[in-house]
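For reference, the chains in residue letters:
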Amino acid sequence: LNSSKGTTGMFIICLIPGIPKDLLMYVAGVTPVKAVRLFFIYALSRTPGILIWVSVGTNAFEKNYKDMFITICGAILFITLTLILKNRYKKKVELNNLIE
């Protein structure tokens, strides 16, 4: 987890919705990873999701369904791109393991 690969992996995992990020942070907290690194990974990866759901909630409250639909489409695009990144990272790691 202290390597750049571990940092990238944690960041990508934290971006994926539905994965228990708190559990990942608890486990990472007992490893030799620096607390500052964990804080920045968690803060950077959680910000997009928080902004998306706050926007959806605000638009739903104001009955602004057009903007809510646009935000949900953006969230779907964000999730899709995150999963593509995760798959590329996974393939890259598998390829590096085969070479070694």
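Above this text is the structure in question.
Everything in this summary refers to the structure shown in the same document. Since the structure is predicted, the reported quantities are computational estimates derived from the model, not experimental observations.

How each quantity is defined
Counting restarts for each chain: residues are numbered from 1 in the order of the written sequence. With pLDDT at 70 or above as the cut-off, local features in this predicted model cover only qualifying residues; side-chain atom pairs require 80 or more to be listed or tallied, and sums for whole chains, interfaces and linings still use all residues. As a rule here, side-chain values cover all heavy atoms of the structure and leave hydrogens and water aside. Secondary structure follows DSSP: runs of H or I at least 4 residues long count as helices, runs of E at least 2 residues long count as strands, and numbering of each begins at the N terminus. Taken over C-alpha atoms, the radius of gyration is set against a globule rule of 2.2 Å times the number of residues to the power 0.38. Three exposure classes are used, based on accessible area relative to the maximum for each residue type with a 1.4 Å probe and protein chains only: buried under 20%, partly exposed in between, and exposed over 50%. Every accessible area reported is derived by Shrake-Rupley at a probe size of 1.4 Å, with residue values counting cover from the shown protein chains alone. When charges are tallied, Lys and Arg are placed among the positive residues and Asp and Glu among the negative ones, while His and the ends of the chain are skipped. The location of each charge is read from NZ of Lys, CZ of Arg, CG of Asp or CD of Glu. Helix span is expected to be 1.5 Å times the residue number reduced by one. Note on bend: at a given residue it equals the angle between the axes fitted to the 7 residues ending there and to the 7 starting there. In what follows, residue pairs with any heavy atoms lying within 4.5 Å of each other are defined as contacts. Axis definition: a line fit to C-alpha positions, over the contact stretch in the case of helices; interaxial angles, taken between N-to-C directions, run 0 to 180 degrees. Angular relationships are summarised with four words: roughly parallel below 35 degrees, roughly antiparallel beyond 145, roughly perpendicular across 65 to 115, and oblique for the angles in between. Crossings are sorted by hand: turned counterclockwise from the far helix by less than a right angle, the near helix makes the crossing left-handed, and turned clockwise it makes it right-handed. Each residue gets one label: Ala, Val, Leu, Ile, Met, Phe, Trp, Tyr, Cys and Pro are nonpolar, Asp, Glu, Lys and Arg are charged, and the others, such as Gly, are polar.

## With respect to the overall build of the protein
Across its full length, the protein holds four helices and zero strands. Overall, the protein shows an N-to-C arrangement of helices and strands of α-α-α-α. Whereas a compact globule of 100 residues would reach a radius of gyration of roughly 13 Å, the protein reaches 16 Å, over 25% beyond that. Taking the principal axes of its C-alpha atoms as reference, the protein extends roughly 55 × 30 × 15 Å. Looking at the 100 residues of the protein, the share that counts as buried comes to 22%. In the structure as shown, the protein presents an accessible area of about 7300 Å², 71% of it carried by carbon and sulfur atoms. Distance between charge centroids for the protein: 5 Å, based on 12 positive and 5 negative side chains.

## Some details on helix 3 (residues 35-61)
When the terminal C-alpha atoms of helix 3 are compared, their 37 Å separation across 27 residues agrees well with the 39 Å that a helix rising 1.5 Å per residue should span. At Thr47, helix 3 shows its largest kink, close to 30°, and the proline Pro48 lies no more than four residues downstream. Here the buried face of helix 3 lies against helix 1 (4-15), helix 2 (21-29) and helix 4 (65-99). Positive backbone phi, approximately 55°, marks Lys63, located one or two places after helix 3.

## Comments concerning unusual backbone geometry
Even without being a glycine, Lys63 presents a positive backbone phi close to 55°. Looking at the element boundaries, Lys63 is found in the loop between helix 3 and helix 4.

## Some points on the packing of helix 1 against helix 4
Between helix 1 and helix 4, the least distance of the axes is 9 Å, while the angle of their chain directions is 150°. For the element pair helix 1 / helix 4, the angle class is roughly antiparallel. Where helix 1 crosses over helix 4, the handedness of that crossing is left-handed. Along the contact surface, helix 1 presents Lys5, Gly6, Thr8, Gly9, Ile12 and Leu15, while helix 4 presents Phe78, Thr82, Leu85, Lys86, Tyr89 and Asn96. In the contact of helix 1 with helix 4, the residues fall into five nonpolar, five polar and two charged.

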